[in-house]
Amino acid sequence: MKHKIIFGTGNAHKLEELREITRIFTGDTNFIEFTTPEPPFDPIENGSTFEENSLIKAQAVKPQNGYYILADDSGLCVEALDGRPGLYSARYAPSQDEKISKLLTEMHGNQNRRAKFVCAMTLLNDKGEILFKTTGECQGKIALSRAGTNGFGFDPVFIPDEKQNEEIKTLAQMPSDIKNQISHRANALKKIITFIQNN
Ligand code: IMP
């Protein structure tokens, strides 16, 4: 592998997404080897922004010679809910199914369905020093009901503006390689990869 990254997450879906985004964006299956810290990896996310929480997660990873450290913090910001659940997306309800039910209930009867996913990423060097910070977004709207089984989190109720096929509406109805070209995580990771390519 040309580059090695320890990705500070306990979320296997995110790890798989980073691998696929990197494959798609670089066209090179050997560009980055991603590993994750020993579980449990559960730092206290008490920052007041996505950027601060991604730095907290990155700094919770033990530096290792020859490895970059990367962490992300992400969430769903709904316009009609004044940006909620936002930073608290992971803690909005106990299970993902309950989170979606709660969101659909809160949005019931609401005409303004605009929402966006946000992903902040922080890249550290192998001494734990900050190299680069960036964010990515994915604009869209909240569906009236669930559709699709791919992906994770709020994917079954998020309809991105950018889509290749009008039949496919939610992120969870898309094949992973389409989500991984247009998602907030893809838009952030592309900038991280460009930074690594240029440095
Ligand atoms: P965190 O970034 O691990 O703190 O978690 C953010 C939360 O936002 C997740 O638990 C999901 O509920 C939601 N989320 C973040 N990214 C996505 C995504 O790509 N699809 C669906 N839900 C997401």
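Just so it is clear, the structure is predicted and the values come from calculations on it, not from any experiment. (Residues numbered from 1 in each chain as written. Predicted model: local features only at pLDDT ≥ 70, side-chain atom pairs only at ≥ 80, totals over all residues. Heavy atoms only, no water.)

## Side note on the overall build of the protein
Consideration 1: In terms of regular secondary structure, the protein is built from 5 helices and 6 strands.
Consideration 2: Beginning at the N terminus, the succession of helices and strands in the protein can be written as β-α-β-α-β-α-β-β-β-α-α.
Consideration 3: If one aligns the C-alpha atoms of the protein with their principal axes, the spans along those axes are about 55 × 35 × 25 Å.
Consideration 4: Out of the 199 residues belonging to the protein, those deemed buried represent 48%. (Helix = DSSP H or I, 4+ residues; strand = E, 2+ residues; numbered from the N terminus. Buried < 20%, exposed > 50% of the residue type's maximum accessible area, 1.4 Å probe, protein only.)

## Section: the side chain of Ser 54
Consideration 1: Tracing the sequence through the fold places Ser 54 in helix H2 (residues 50-59).
Consideration 2: Taking relative accessible area as the criterion, Ser 54 reaches 0% and is therefore assigned buried.
Consideration 3: A polar side-chain atom of Ser 54 sits 2.7 Å from a polar atom in the side chain of Thr 122.
Consideration 4: Not counting chain neighbours up to four residues away, the residues in contact with Ser 54 comprise Ala 71, Asp 72, Asp 73, Ala 120, Met 121 and Thr 122. (Polar contact = N/O pair within 3.5 Å; in protein donor to acceptor, adjacent residues only side chain to side chain. Contact = heavy atoms within 4.5 Å.)

## Re the pattern of salt bridges
Consideration 1: Evaluated as defined, the whole model comprises 14 salt bridges.
Consideration 2: The salt bridge involving Arg 185 is made with Asp 72; its shortest N-O contact spans 2.9 Å. A residue pair is termed long-range when its members are at least 10 positions apart, and Arg 185 in helix H5 (residues 184-198) and Asp 72 in strand S3 (residues 68-78) qualify at 113 residues.
Consideration 3: Residue class for Arg 185 comes out buried when judged on its relative accessible area of 1%.
Consideration 4: For the salt bridge of Arg 84 with Glu 106, the shortest nitrogen-to-oxygen distance reads 2.6 Å. (Salt bridge = Lys/Arg side-chain N within 4 Å of Asp/Glu carboxyl O.)

## Quick word on the sheet that holds strand S4 (residues 114-124)
Consideration 1: Strand order in the open sheet formed by 6 strands is S2-S1-S3-S4-S5-S6, and the pairing between neighbours is mixed. Both edges of this open sheet fall to strand S2 (32-35) and strand S6 (158-160), since each of them pairs with a single strand only. Here the average twist between neighbouring strands, direction ignored, is 35°.
Consideration 2: Relative to strand S5 (residues 130-142), S4 runs antiparallel, the two being bridged by 11 bridges. In the sheet register, Thr 122 faces S5, and the bridge partner there is Lys 133.
Consideration 3: Across the sheet, H2 lies against S3, S4 and S5, angled at about 150° from S3, the strand it touches most. (Pairing = 2+ DSSP bridges. Axes fitted to C-alpha atoms, helices over the stretch in contact; angles between N-to-C directions.)

## Overview of the packing of aromatic side chains
Consideration 1: Counted under the stated rule, the structure contains 3 aromatic pairs.
Consideration 2: Seen from their ring centres, Tyr 92 and Phe 154 are 6.3 Å apart, and the 55° between their planes marks the pair as tilted. In this pair, Tyr 92 is assigned in the loop between S3 and helix H3 (96-106) and Phe 154 in the loop between S5 and S6, connecting sequence segments 62 residues apart.
Consideration 3: According to the relative accessible area criterion, Phe 154 is buried, its value standing at 5%. (Phe/Tyr/Trp six-rings, centres within 6.5 Å; stacked < 30°, edge-to-face > 60°.)

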